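Architecture at a glance
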Number of protein chains: 2
Amino acid sequence: MKRRLLLVSNSTLHGGGYLDHCQQNISHFFGKDVKKVLFVPYALHDRDAYTKTARDKFTSLGYELNGIHEALDPVSAVRKAEAIFIGGGNTFRLLKSLYDNELVTEIKRRVLEDGVPYMGSSAGTNVATVSINTTNDMPIVYPPSFSAIGLVPFNINPHYLDQDPKSRHMGETREQRITQYHEEPDTPCVLGLREGSMLLVEGNTATLLGTTSARLFTRGKPSLEYDPGSDLSFLLTQ
Amino acid sequence: MKRRLLLVSNSTLHGGGYLDHCQQNISHFFGKDVKKVLFVPYALHDRDAYTKTARDKFTSLGYELNGIHEALDPVSAVRKAEAIFIGGGNTFRLLKSLYDNELVTEIKRRVLEDGVPYMGSSAGTNVATVSINTTNDMPIVYPPSFSAIGLVPFNINPHYLDQDPKSRHMGETREQRITQYHEEPDTPCVLGLREGSMLLVEGNTATLLGTTSARLFTRGKPSLEYDPGSDLSFLLTQ
């Protein structure tokens, strides 16, 4: 399988600029063969402003970047893309726009069959997985399905957050929410990617990168911690 | 309009027991005419355990309480109900179950036409509004629609949370999430009910009760704060 994915938990780390914390990973991931990246800004309302932010960053790393909303035919833009980056924002808005523009199947085909490298950040990481059932976002629009692009056979919870023992807030913790998901039948593993971490997938190999550990939730089993550098390839064959 | 609603932000306040913080409001709301309350435990996985928790509390307040899942025919149970209480948990699971059991229209009819008093807590408050677009919950199941029972013409964000200026977490604040909702066209007002607050609706009168203030978000306008005791009846005629 030609699959190449860089799935980042968060676009901005506290105290840093946009994608600063993972810029070396981005350069290494896209390498020197990629010249131009197709950017999908659907998760935010102001697509032009978002594309400018992404373009500024990618230009500084030596890549040309174009917003898919600037193309006359988004499906054709995906068919021609050398590399794809889907940015963060609201996951519901993003997935609905991907369906509205008939891009879900096309992106899947390009990445899994043609080996086009795919980078996602936050919401863009959510939509790369089985479904958006484990997003943290507010459901501001109704997508035609929660099924996502399905580039990996598990789900991710980006911005994974540990319980704050000092909090007096009574809303569910992130762990409780994921446990509720696993009360439903036939639900896949959920990898909780803390801010600062990311998953690199090369074919059938998956490696945790970044500066923070990740927590893996499997239905009916205790959750497990993995440090940066861990081999998580077993998640790809479940 | 006969409508009578008690829409509570949260079931449990830090340091207290289940529904302790609003028990006087519950007694005052259901009064002495109501003998038996129909409880909807769909938002949690273990419906029996949840009904026991609610039953213990309501028994202590002098009311009989039956879980709707114990009835052979849930629609018939709603048709016969003297009073309805929908408890908190996962809003997506709750709304999906309400649709699966064909209860959305029936509950609306009973409350708005027959004047059956309706109490909601957290997710049970979300489903009483226009839609669940402003829930905080994880979308663990896919309901057939985000449209909810529609007992009021606005949305509520329960467990409303102010930004923590000390946080290093980069996920969106609650205010940013609601602002993203209002970037979408034709979206109604959102009342952010902090933990400890609740809304009492009697016909065309709405009053903020409890111990915390609430924040009102209106599309295209600055948000506004309201103290407990505020008359929010204007929200019912928008």
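Residues numbered from 1 in each chain as written. Chains lettered and ligands numbered in written order. Predicted model: local features only at pLDDT ≥ 70, side-chain atom pairs only at ≥ 80, totals over all residues. Heavy atoms only, no water.

Identification of chain A as dipeptidase E from Sparus aurata is taken from an unreviewed UniProt entry. In the Function (unreviewed entry) part of its UniProt record, chain A is described as follows: "Hydrolyzes dipeptides containing N-terminal aspartate residues." According to its UniProt record, chain A has this under Subcellular location (unreviewed entry): "Cytoplasm". (UniProt positions renumbered as here; feature names shortened; annotations may be inferred.)

Points about the interface of chain B and chain A
Counting residues at the interface gives 41 residues for chain B and 41 residues for chain A. Interface of chain B and chain A: buried area, both sides summed, is about 3,600 Å²; carbon and sulfur atoms make up 56% of it. Viewed at the interface, chain A and chain B are joined by six salt bridges. Within the residue set of the side of chain B that touches chain A, elements represented by two or more residues are helix H4 (91-100), strand S6 (155-160) and helix H7 (174-182) of chain B. Sorting elements by how many residues they give to the side of chain B that touches chain A places H7(B) first, with five residues. When grouped by side-chain class, the residues that make up the side of chain B that touches chain A number 16 nonpolar, 16 polar and nine charged. (Contact = heavy atoms within 4.5 Å. Buried area = accessible area lost by both parts, 1.4 Å probe. Salt bridge = Lys/Arg side-chain N within 4 Å of Asp/Glu carboxyl O. Helix = DSSP H or I, 4+ residues; strand = E, 2+ residues; numbered from the N terminus. Nonpolar A, V, L, I, M, F, W, Y, C, P; charged D, E, K, R; others polar.)

Some details on helix H1 (residues 23-30) of chain A
Think of an α-helix as 3.6 residues a turn; residues three or four steps apart then line up on the same face. Residue and element names in this part refer to chain A. All buried positions along H1 are accounted for by Ile26, Phe29 and Phe30. All buried residues of H1 lie within an arc of 80° about the axis, which places them on one face of the element. Residues Gln24 and His28 are exposed on H1 and point more than 90 degrees away from its buried face. (Buried < 20%, exposed > 50% of the residue type's maximum accessible area, 1.4 Å probe, protein only. Arc of directions from axis to C-beta.)

Some details on the packing of aromatic side chains
Any pair of aromatic rings gets described here by the distance separating the centres and the angle formed by the planes. All names here are of chain A. According to the stated counting rule, one finds 27 aromatic pairs over all chains in the structure shown. Both rings, one in phenylalanine 30 and one in tyrosine 63, keep their centres 5.9 Å apart while their planes meet at 65°; by these two values the pair is edge-to-face. A residue pair is termed long-range when its members are at least 10 positions apart, and phenylalanine 30 in helix H1 and tyrosine 63 in the loop between helix H2 (47-60) and strand S3 (64-67) qualify at 33 residues. The burial state of phenylalanine 30 is the same as that of tyrosine 63; both residues are buried. (Phe/Tyr/Trp six-rings, centres within 6.5 Å; stacked < 30°, edge-to-face > 60°.)

Thoughts on the pairing of strand S9 (residues 205-210) of chain B
Residue and element names in this part refer to chain B. Relative to S9, strand S8 (residues 197-202) runs antiparallel, the two being bridged by six bridges. Each bridged residue has a counterpart across the sheet, and for serine 197 the counterpart in S9 is glycine 210. Between the antiparallel neighbours S8 and S9 lie two residues, among them glycine 203 with a positive phi of about 65°. (Pairing = 2+ DSSP bridges.)

Topic: the environment of B:Phe58
All names here are of chain B. In this structure, phenylalanine 58 sits in helix H2 (residues 47-60). Put simply, phenylalanine 58 and threonine 173 are 115 residues apart on the chain and 35 Å apart in space, counted from C-alpha to C-alpha. With sequence-adjacent residues up to four places away left out, phenylalanine 58 is seen in contact with Leu19, Ile26, Phe30, Val37, Tyr63, Leu65, Phe85 and Met119.

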